[in-house]
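Below, each chain spelled out in residue letters.
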Amino acid sequence: MREIYMDHSATTPVDPEVFNAMIPYYTDRFGNASSIHTKGQRARQAVDQARSQAAELLGASEREIVFTSGGTEANNQAIISYLSNNPDKGRHLITSAIEHHAVLDAFLHLAKRGYELTVLPVTADGLVEPDILKAAMKPTTALVSIMHANNEVGTIQPIKELAAVAHAGGAVFHTDAVQTVGKLPIDVEEMDVDMLAASSHKLYGPKGVGCLYVKRGIRVGNYFHGGGQERGLRPGTENVPGIVGFGTACKLAHINLPERQTRLNKMGQRLKEGILNSIPHSRLTGHPVKRLPGSVSVCFEFVEGESILLMLDSYGIMASSGSACTSGSLDPSHVLLALGLPHEIAHGSLRLTLGKDNTEEDVDKVLEVLPNIIQNLRGMSPLCN
Amino acid sequence: MRKVIYLDHAATTPLNCDVLEKMKPYLCENFGNASSIYQLGIESRAAVDESRYKVAYALKCQAHEIFFTSCGTESNNWAIKGIAFANRLKGNHIITSAIEHPAVKNSCEYLEHNGFDITYLPVDEFGVVSLDILKKSIRKNTILISIMYANNEVGTMQPIKEIGQIARESNIYFHTDAVQAIGNIDIDVNDCKVDMLSLSAHKFNGPKGVGALYIRTGTNIDPYLHGGSQELNRRSGTENVPGIVGLGKAIELSTIDIESKNKKVLTIRNLFIGAVIRNIPNVFLNGHPTLRLPGNANFFFQGIDAKYLATILNDEGIYVSNGSACSCNSKSPSHVLLAMNKTEETALGSVRFTFGEENTEDEVNYVVDVLSKVIEYKRKNP
């Protein structure tokens, strides 16, 4: 049985080229990038090269890239360290109701420490409307953080417009771009964001590494305290193989992005329409068109998301009901609830996220087995009469 | 290609080949997110759990007391800030030492700016903390003692068991930064009575970018990275599965036969110390004569600038360090040596040689030979 992986929003396999680039730094070139000897300097050069690769993908300059241990740390740093490093700024913060927990929980942490937090609602399609943000802005608003695209429903936000509103109100703008870096073209200048978080393992790089883009002039401050690595912004021995892998993944994403985007959009479209047309009582969640390439999220009435996943897994199809982080949780997704879906429908959610190795045959296979799975599950369900 | 002699194992160590082989599948084929519920995810979860057991076995604790982090720095930050903020109502006083790694030192300084009161215990000329001074420093509002297991620059080991005993009797949390010690000395968290212990994989032939924090059951500590609730809700962020697998394998390999490994490294190191002292005049060993990490030698060569010496040795293919790697490029003298009451000249003129299992007697002879010549030449031609 061919295994079909359709959970690329959860994580992606390391690209073989990325793997090959990393291996020398696991073996002969194992030096500490801060050491003054040749082994150290060699590691330093590799880190610098990766920095320029990441900068190029984001349209940033090298000095604006800080390597972190992943998207969670980058988001925590952008939010928590920016505020603790800028105590003179106001104490009002704005985010949206559908952020990843790495953002939401960082804000909740600050709210407990006395910051005033506004959580913006979203439309039924999952959009944050610039006018709603405008209305929420206060003279004391220090930071606005809105994700570039949602991890569960794939809706892409009008970041440029949102950043403009934040800036007009005197606030700094951060975006969690963990789901979009490598999938959508990104130009931090064009988007006019002040900070942006990215994670390597979402773009065929290794786990355990990510970066924070910090626009020149924005004093973000360090989250970890310790040695002087990353110009003091991220102490801790550099994860050289991880950083090299991330850099290579950025390089490959940069080269392949337009072709992948077109292909995934097309395949995703077919998958989406196939599901909605062949399965009754199904509905798309998120925006009909402003969505991540290859991201299909649907809700089926009268079934439980988790049962669908187990059935799909028995066919070798790997998918998720929402974000991977909360797979074990019985609570319905905060994202789907924020979109206004009732609990019982939010429980029946399925997320299929395509990647570069998926084929049209994979889409055919899902379209072949999914209708039967849903029908069978509904047949067993007391809810469905 | 000329042979390279790597004597900077305190900065980082080469990755063990078996560790790399164990990690490889988790990069490409078994790449699942450990939180995913399908088979691929379950396999990742199982691999993470297996590593957790290996770490727990090495430290003689329970698996659910091990939390994976991104590095030693994160572990230290988490332990110190997590305890401080969770126990703020109990007190705001923290005791640490004057020779801690910057990850501990700067975390404490950060807390100092945020309403905490920090006591930096002095050390003697060998770098050892005084138990009497520690006892006298304890107050009613002391919530945490954080003292490193062994120092990264001079290798001095602290009387951890005695400190643990004092902390336990006073009902104060005890954290130790064991980044330099794990893999070099056998550690039993119950024997040491530590409540938290930080470790970093790349110091014991594991990969960079992964570490762990041991947290004794019942310890009241806040999370440090906020988000997706991984690691029993205490450390968020997608698990670095290959890194964690590598850490587990590395700790297993480095603790399996720790006594004989120790002996081997100690023999080579002692050979080096002996030869340096015999062959080079006006040289002083920093740190404790016996209570030191098996691989560590730290020398002050009178009249010789440490950075100059490290650079010259580098040209000869010998890789050493002037102080800790984090501060190689800093022009300020080592805070560790200054705390040991050394002069600024010593603090700027000391070189760290840290040995590993793969170093040989021939290498020692070669290094001592080069060292004698370089130093003799430089002293004649200052």
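Going by the structure above, here's the rest.
Sequence positions are assigned chain by chain, starting from 1 and proceeding in written order. Key to labels: chains lettered from A, ligands numbered from 1, both in the order written. Whole-chain, interface and lining totals are the exception, using all residues; otherwise, since this is a predicted model, local features are given only for residues with pLDDT of at least 70 and side-chain atom pairs are given and counted only at 80 or more. Just so you know, side-chain values use all the structure's heavy atoms and leave hydrogens and water out.

Visitor: Just to check I follow, could you spell out the nonpolar core for this structure?
Guide: Here is a general trend for soluble globular proteins: nonpolar side chains tend to be buried in one another's company. Counting residues in each nonpolar core, the largest one holds 128 residues, and the members touching the most others are L58(A), L196(A), L59(B), L197(B) and L199(B). Ignoring sequence-local partners within four residues, the contact set of L197(B) consists of L59(B), H175(B), T176(B), A178(B), I182(B), I187(B), V189(B), A212(B), L213(B) and Y214(B). What is meant by a nonpolar core is a set of buried Ala, Val, Leu, Ile, Met, Phe, Trp, Tyr and Cys residues, joined one to another through side-chain atoms within 4.5 Å. Residue exposure (1.4 Å probe, protein chains only): buried if accessible area is under 20% of the type maximum, exposed if over 50%, otherwise partly exposed. Listed in part, the 49 residues of the second largest apolar core include L110(A), C108(B), Y110(B) and Y224(B). Note on contacts: a residue pair is in contact if any heavy atoms of the two residues lie within 4.5 Å.

Visitor: Would you mind going over the packing of helix α10 (residues 258-279) of chain B against helix α14 (residues 361-380) of chain B with me for this structure?
Guide: Each pair of packed helices gets described by two things: the angle between the helix axes and the distance between those axes. All names here are of chain B. To obtain an axis, a line is fitted to C-alpha atoms, over the contacting stretch when the element is a helix, and the angle between two such axes runs from 0 to 180 degrees between their N-to-C directions. Helix and strand definitions here come from DSSP, where helices need a minimum of 4 consecutive H or I residues and strands a minimum of 2 consecutive E residues; each element is numbered from the N-terminal end. Close contact between α10 and α14 brings their axes to 10 Å; oriented N to C, the two are set at 25°. Relative to α14, the element α10 lies roughly parallel. In this structure, α10 crosses over α14, and the sense of that crossing is right-handed. Only E361, V364, V367, V368, L371 and S372 of α14 make contact with α10, whose side of the interface consists of I268, L271, F272, A275, V276 and N279. By the convention adopted, Pro, Cys, Tyr, Trp, Phe, Met, Ile, Leu, Val and Ala count as nonpolar, Lys, Arg, Asp and Glu as charged, and the other residues, Gly among them, as polar. A breakdown of the residues in the contact of α10 with α14 according to their chemical character gives nine nonpolar, two polar and one charged. Angles below 35 degrees are treated as roughly parallel, those above 145 as roughly antiparallel, those between 65 and 115 as roughly perpendicular, and all remaining angles as oblique. Left-handed is the label given to a crossing in which the near helix is rotated counterclockwise from the far helix by less than a right angle, and right-handed is the label when the rotation is clockwise.

Visitor: Explain the interface of chain B and chain A to me, please; I cannot follow it from the model alone.
Guide: In many analyses, interface size is given as the accessible surface area lost on bringing the parts together. The interface of chain B with chain A comprises 63 residues on the first partner and 60 residues on the second. Once two parts are put together, the accessible area they lose, assessed with a 1.4 Å probe and summed over both, is termed the buried area. Interface of chain B and chain A: buried area, both sides summed, is about 4900 Å²; carbon and sulfur atoms make up 64% of it. Any Lys or Arg side-chain nitrogen found within 4 Å of a carboxyl oxygen on Asp or Glu counts as a salt bridge. The interface formed by chain B and chain A includes zero salt bridges. Any pair of N or O atoms that falls within 3.5 Å is considered a polar contact. Within protein, one atom must be able to donate a hydrogen and the other to accept it, and sequence-neighbouring residues count only if both atoms are side-chain atoms. Seen at the junction of chain B and chain A, the total is 19 residue pairs in polar contact (both at pLDDT 80 or more). Elements represented by at least two residues in the side of chain B that touches chain A include exactly α1 (17-27), α2 (39-59), α3 (72-86), α4 (102-112), α9 (241-256) and α11 (306-315) of chain B. Among the residues making up the side of chain B that touches chain A, the classes are represented as 28 nonpolar, 26 polar and nine charged.

Visitor: Just checking my understanding: could you explain the sheet that holds strand β12 (residues 349-353) of chain A for this structure?
Guide: The strands making up a sheet associate through hydrogen bonds between their backbones, and the pairing can be parallel or antiparallel. All names here are of chain A. The three strands are arranged β9-β10-β12 in an open sheet whose pairing can be described as antiparallel. Of all the strands in the sheet, the pair left with one neighbour each is β9 (282-284) and β12. Strand-to-strand twist in this sheet, taken as the mean axis angle between neighbours without regard to direction, amounts to 25°. Two strands are said to pair when DSSP picks up at least two bridges between them. Of the pairings in the sheet, the one linking strand β10 (residues 295-300) to β12 comprises five bridges and is antiparallel in character. Bridging from a neighbouring strand, V296 pairs with L352 of β12. Running over the sheet, helix α8 (residues 240-278) touches β9, β10 and β12 and is turned about 10° from β10.

Visitor: Looking at this model, I keep getting lost on the packing of helix α3 (residues 71-85) of chain A against helix α4 (residues 101-112) of chain A. Mind explaining?
Guide: All names here are of chain A. Orientation of α3 relative to α4, taken along the N-to-C sense of each, is 30°, at an axis distance of 9 Å. One element, α3, and the other, α4, form an angle in the roughly parallel class. By crossing handedness, the relation of α3 to α4 is classed as right-handed. Listed contacts from α4 to T72, N75, N76, I79, I80 and L83 of α3 are A102, V103, A106, F107, H109 and L110. By residue class, the composition of the contact of α3 with α4 is eight nonpolar, four polar and no charged.

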